[in-house]
Amino acid sequence: MTPRAADRARYDRATAHLDAPVAIVDLEAFDDNAADLVRRAAGKPIRVASKSVRCRALLERVLARDGFAGIMSFTLDESLWLARAGFDDVLLAYPSADRAGFAELARDPKLAAAVTVMVDDVAQLDLIDASRAGGAEEIRVCLELDTALHLLGGRVRIGARRSPLRTPADLAEVARSVVRRPGFRLVGIMAYEGHVAGVGDSVAGRPLRSRAIRLMQSAARRELAERRAAVVRAVRAVAPDLEFVNGGGTGSVQHTAAEDAVTEIAAGSGLFVPRLFDNYTSFDGRPAALFAQPVVRRPGVGVVTVLGGGYPASGVAGPDRLPVPYLPEGLRYDPQEGPGEVQTPLLGSPADDLRIGDKVWFRHAKAGELCERFDALRLVEGDRITATVPTYRGEGQTFL
């Protein structure tokens, strides 16, 4: 029996009493992945990206481990919800225009002490001030650095379009605006190098493309390390008491941790290891989060149909954004249908061994987005479910 076949047998036994659709997290794989992230971070704390987990129980589990500290959230509403629930160090990774949220933040000392908001434009400070509604609490602020790699004199850009702040002078100027402005305190810098941390460098069947990605990422790491260090020096000259410099992501943990200027690493997807993280040479994680759909039809030889399953991930539309049939091994989509909203035909010889009601296990393309489809995760240890925990959706929270 192959390791994957053994996993399938365990998952089927653990969920034999449950009807699909069902979502699970294999706790042994989850914990192994967490330990690997800590090993690669080499002593620097890891701030957990909540959008990649979207389950409070699992956030609590990983934050109880040595090597993890704090949450990186994705909306202000989520940040306030987590802070009200007792998480005391929440960094909002994106600017917000949530006026009601800022009003609540500005009038509640507990929330204001726990939540740090992201800023890359003085206009965002104006919006926060206009939203205070009389609240006088000091707002903790983090500045974001644009990490994109510019080539050919800036004519070629590689990297996400995030912050407009690119140079040490850019960030120092906004830092001065924050420091001079009553009601705000500058506490951090964030720089997410998604073109390094979130792009696999070993694409199956594409050796030339893989080599090109590795060359690009090597150049990007060198350029960013030098520029990030200069940015930190410039901002610390304005705000000497800066508390943290956050960088990295699952795919770049060890490289970002090696930079002296960086004080903490962000990571989250590496806990679940969705399919987009199969194509990396820098680490080898274990798939921990899966979902199962039931076989409901057997249209012919070498074909079964499962209920639903069309759960595409965000990003540029393409085959890599689709879930992948994982267990039993050897199933594939019908190219004329793909994964559907209400039914998904699957082709391959393993189909002939599946019966009506059997489970087919899938991996989502991305990590936390799976939790937008399920209200609970079944936590598997060995071949047993040891707990059932709600996702954000299961707690009635849909932040985006």
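Look a little higher up for the structure.
So, a few notes on the structure that sits alongside this text.

Criteria and thresholds
- Residues numbered from 1 in each chain as written.
- Predicted model: local features only at pLDDT ≥ 70, side-chain atom pairs only at ≥ 80, totals over all residues.
- Heavy atoms only, no water.
- Helix = DSSP H or I, 4+ residues; strand = E, 2+ residues; numbered from the N terminus.
- Rg over C-alpha atoms; globule rule 2.2 N^0.38 Å.
- Buried < 20%, exposed > 50% of the residue type's maximum accessible area, 1.4 Å probe, protein only.
- Contact = heavy atoms within 4.5 Å.
- Lys, Arg positive; Asp, Glu negative; His and termini not counted.
- Charge placed at Lys NZ, Arg CZ, Asp CG, Glu CD.
- Axes fitted to C-alpha atoms, helices over the stretch in contact; angles between N-to-C directions.
- Parallel < 35°, antiparallel > 145°, perpendicular 65-115°, else oblique.
- Left-handed = near helix turned anticlockwise from the far one by under 90°.
- Nonpolar A, V, L, I, M, F, W, Y, C, P; charged D, E, K, R; others polar.
- 1 Å grid on protein atoms, 1.4 Å probe; cavity = no way out; pocket = protein on both sides within 12 Å on 5 of 7 lines; lining within 4 Å.
- Points joined across faces, edges and corners; volume = space filled by probe spheres on them.

1. What to know about the overall build of the protein
Then step 1. Summing up its helical and strand segments, the protein has twelve helices and 19 strands in all.
Then step 2. Compactness check: the protein gives a C-alpha radius of gyration of 22 Å against a globular reference of 21 Å for 400 residues, within 12% of the reference.
Then step 3. Viewed in the frame of its principal axes, the protein has a C-alpha envelope of about 70 × 50 × 35 Å.
Then step 4. Classification of the 400 residues of the protein by burial places 54% in the buried group.
Then step 5. Considering only contacts within the protein whose residues lie at least 6 apart along the sequence, 69% involve residues at least 24 apart.
Then step 6. Counting 52 positive and 52 negative side-chain charges, the protein places the centres of these two groups 4 Å from one another.

2. As for the packing of helix α8 (residues 168-180) against helix α10 (residues 207-238)
Then step 1. Close contact between α8 and α10 brings their axes to 9 Å; oriented N to C, the two are set at 25°. On the basis of the axis angle, α8 is roughly parallel to α10. Remark: the crossing between α8 and α10 carries right-handed chirality. Across from Pro-168, Leu-171, Ala-172, Ala-175, Arg-176 and Val-179 in α8, the residues of α10 making contact are Ala-230, Val-231, Ala-234, Val-235 and Val-238.
Then step 2. Across the contact of α8 with α10, the residue classes break down as ten nonpolar, no polar and one charged.

3. What to know about empty space enclosed by the protein
Then step 1. Scanning the model with the defined rule gives one cavity of 30 Å³ or more in all.
Then step 2. Broken down by class, the residue content of the lining of the largest cavity amounts to six nonpolar, one polar and one charged.

Interpretation note: all reported values are geometric properties and have no functional meaning in isolation.
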